[in-house]
Amino acid sequence: MKEHNLFPVWNEEWVKLQKQYWDAWTAVQGDAGNKPNPKKNPWAEVLDQWSKFLRPNGNEDTAALFERTVTQGKAFFQLSDEYTKFLKSASELTKASDDWQTLLRDRFEGVKSAFSSFQIPHGSPVGGLAAFWNLPLDTWRRTVSGASLLPGDFLQPVKPDVWEGVSEGLHERMERFLSVPGVGYTRESQEQVQEGARLAVNYQRAWQEYANAHARLGINTLERLLERVIQGIEQGEELKSLRDVYELWVECGEEVYLEFVSTDDYAEIYGRMVNALMALKHQGRAMTDEGMGALGMPTRRGFDTIQRRQQELRRQLMELRANRERQDEVIMRLERDLAELRRVVARSANGRASQEIPATPTQTAVKKQPRIASKKKAPLKKAQKASATTTGA
Amino acid sequence: MLPLQIRPDDALQEIQEFGVKLAHGLKNLSEMGEIDVGATPKETVYREDKLALYRFEPIASQLLPVPVLIVYALVNRPYMADLQKGRSLIEGLLKHGLDVYLIDWGYPDAADRYLTLDDYINGYIDRCVEVIRKRHDLSQINLLGICQGGAFSLCYATLHPDKVKNLITTVTPVDFHTADDLLSHWVRKVDVDLLVDTLGNMPGEMLNWTFLALKPYRLMGQKYLDMVNILDDPEQAKNFMRMEKWIFDSPDQAGEAFREFTKQFYQNNGLMKGEVEIGGKRVDLKNITMPVLNIYAADDHLVPPASSKALAGCVGTKDYTAVEFPGGHIGVYVSGKAQKLIPPAVAKWLEERA
């Protein structure tokens, strides 16, 4: 029972210090009246407040880094909170006890259930511990956002968050409904819309499959972490700081993630999701093009054709230019030879060894580029003047 | 008691210290201002479309007779090879007497959508090589490829062996189907035609997040907490910011070139099979008969060492040297260790083959 005395006022002190910390910072900011939500981690809260005052303006790089650091800082605070609770509950256990592993696992269940509640709220920015817990899935969300076609993304209504909770049965009913053939004057556009909706359902299903596959990553990471802690205890290793726990957590997270994403199953569901998203966007683009075409506006298809032809023309132009340069070189060589021949002919015709006919290069000859002396420090400016070349747009 | 020796007062202290460091660090960040990259003086000797060919101002009094052209990847920006003074591959090469040129591909936009690998390799690279050959009145120059630029250099050397005196590849993928190549594994089932037909150019941001997804917990989580420890020191904080700027500075990829590269190299592993076709000509690595120096990184998570090492069995040269760098994909250019190891190794190897 002595061991209990090592943590006499754990909870009280913890909360007290966090409150002191919060009060100190808010006092500095002259905002002591703005009390944090007691349910939230005050350390994360204070960081939120603090960061609002400091957020850099103007420099995008720094601002982005600032955001990422604040997000991960908050995650660390919340992680520390959860682990200190666990460590407190584990503090009464001793290695001497036969069932210490079982008891430790029991205590760890609390951590697992607390962490499981950290999910990315759909449609809202990722924050707090969820920022770390959901990193793999969040990374995919950011990946997809880079592929958005239009400002404001007109496909927003068919993003996964909107489809949250839609059952598989509803998917099937919707597919049956969507397979009803279009009729009448607007048949073609009905079919396009049906196809778009079908692809949206398809993508939603692929996304769900992908998200479900990720669902156990976090829990598996925690289970791996517990195993590593137990292994460490058996080998007499110690976790001396919260940062040590965090490092171990990251290590376990990467291990579990790597095992997951290295499987053939992962490659399949990843491929299905990317392909489903692209098919949906492709259909959206085709429908937009139809509308633009009907209004007599330029279409993406039209631009594609122009760009392709332009590139073909540029390729031909470059080829012609290269050919001309090659021909110029040939002409220059021939002129040199011709001049030499003239000299020889003149010499033999006149029978006088000293007679020479001066060679004058024609205007078509290309000047030879001056050679840059490489044996010593090269005269940069001279070289630049001699051969800086600019072509193209 | 179990050896989970984190006393409550220590834990509180740790959290408090972290909070203070974080707050101070964020204050430093907010006051940091613009981040400068690219330290070595250079001039632009050729421009075409978005491309710029730079020549770096020589430092050494004695230069090796044959200049070296650095072919950078289409992904991210080439200032990674010249990040800052003291962390610059280019600065190191110049100090060791090399005459250094570099291709900067710029930021492709919709007008570049139909650029193919043929345009990049037989077009842009070849014209840059021509410019340098003429400037120096040489029939051959040295090529140094970085990552995907290394794969491009291999293709170029195969198709134009008469113009390449020595070939250096750094962290260059050759075998795209090694067991630990995650990128290749992920892209295997992706319909690349549909992807390019839909998106046109490949958004750089999309690629960037894909790279970060290789190690999400480390690259998007742990890294930022580690950074808190160095934010107190403005110089170290700036160094970190330079890398961060580089990581998120991702140009879009010209659609057709991306399609060809992904299908031929990643999905079909065509470089190993000798099935890559560029401009209607087959790329056979056996045509590489000039000396080859292949530098790879032991802890590379983007291009696994096995992928680079595979080059040994594919090239036709009898003069092949491989160098393993003890570090990662980026560390091979920017780490302190790299500054001491890579430039002298490259310079010595080239000097022996001048």
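On a predicted model such as this, the values are computed, not experimentally measured, just so you know.

The helix and strand tally for chain A stands at 15 helices and 1 strand. Counting over 393 residues, chain A shows a buried share of 23%. Counting contacts in chain A only where the partners sit at least 6 residues apart, residues at least 24 apart contribute 63% of the total.

On to the overall build of chain B. Within chain B, the secondary structure is distributed over 14 helices and 10 strands. For 354 residues, the compact-globule estimate of 2.2 N^0.38 gives 20 Å, and chain B sits close to it at 22 Å. Dimensions of chain B along its principal axes, counting C-alpha atoms only, are 70 × 55 × 45 Å. Counting over 354 residues, chain B shows a buried share of 56%.

The next subject is the packing of helix H12 (residues 242-261) of chain A against helix H8 (residues 216-228) of chain B. Packing of H12(A) against H8(B) brings their axes to within 9 Å, and their N-to-C directions diverge by 155°. What the angle tells us is that H12(A) and H8(B) run roughly antiparallel. Viewed along their axes, H12(A) and H8(B) form a crossing whose handedness is right-handed. Packed against H12(A), whose contacting residues are A:Val250, A:Gly253, A:Glu254 and A:Tyr257, the element H8(B) presents B:Pro216, B:Tyr217, B:Arg218, B:Gly221 and B:Gln222 at the interface. Residue composition of the contact of H12(A) with H8(B), grouped by class: 4 nonpolar, 3 polar and 2 charged.

Residues and elements named next belong to chain B. Bridge count for strand S1 (residues 42-48) against strand S2 (residues 51-56) is 6 bridges, and the pairing is antiparallel. Within S2, the position partnered with Arg47 by the bridge is Ala52. Here S1 hands over to S2 after 2 residues, with Asp49 in that stretch at a positive phi of 50°.

A word on the confidence of the model for chain B. Per-residue confidence for chain B averages 93 on the pLDDT scale, and 98% of its residues sit at or above 70. For this predicted complex, the interface confidence reaches an ipTM of 0.88, while the overall pTM sits at 0.80.

Conventions adopted
Residues numbered from 1 in each chain as written. Chains lettered and ligands numbered in written order. Predicted model: local features only at pLDDT ≥ 70, side-chain atom pairs only at ≥ 80, totals over all residues. Helix = DSSP H or I, 4+ residues; strand = E, 2+ residues; numbered from the N terminus. Buried ≥ 20, exposed ≤ 12 C-beta atoms within 10 Å, placed from the backbone. Contact = placed C-beta atoms within 7 Å. Rg over C-alpha atoms; globule rule 2.2 N^0.38 Å. Axes fitted to C-alpha atoms, helices over the stretch in contact; angles between N-to-C directions. Parallel < 35°, antiparallel > 145°, perpendicular 65-115°, else oblique. Left-handed = near helix turned anticlockwise from the far one by under 90°. Nonpolar A, V, L, I, M, F, W, Y, C, P; charged D, E, K, R; others polar. Pairing = 2+ DSSP bridges. pLDDT = per-residue confidence, 0-100.

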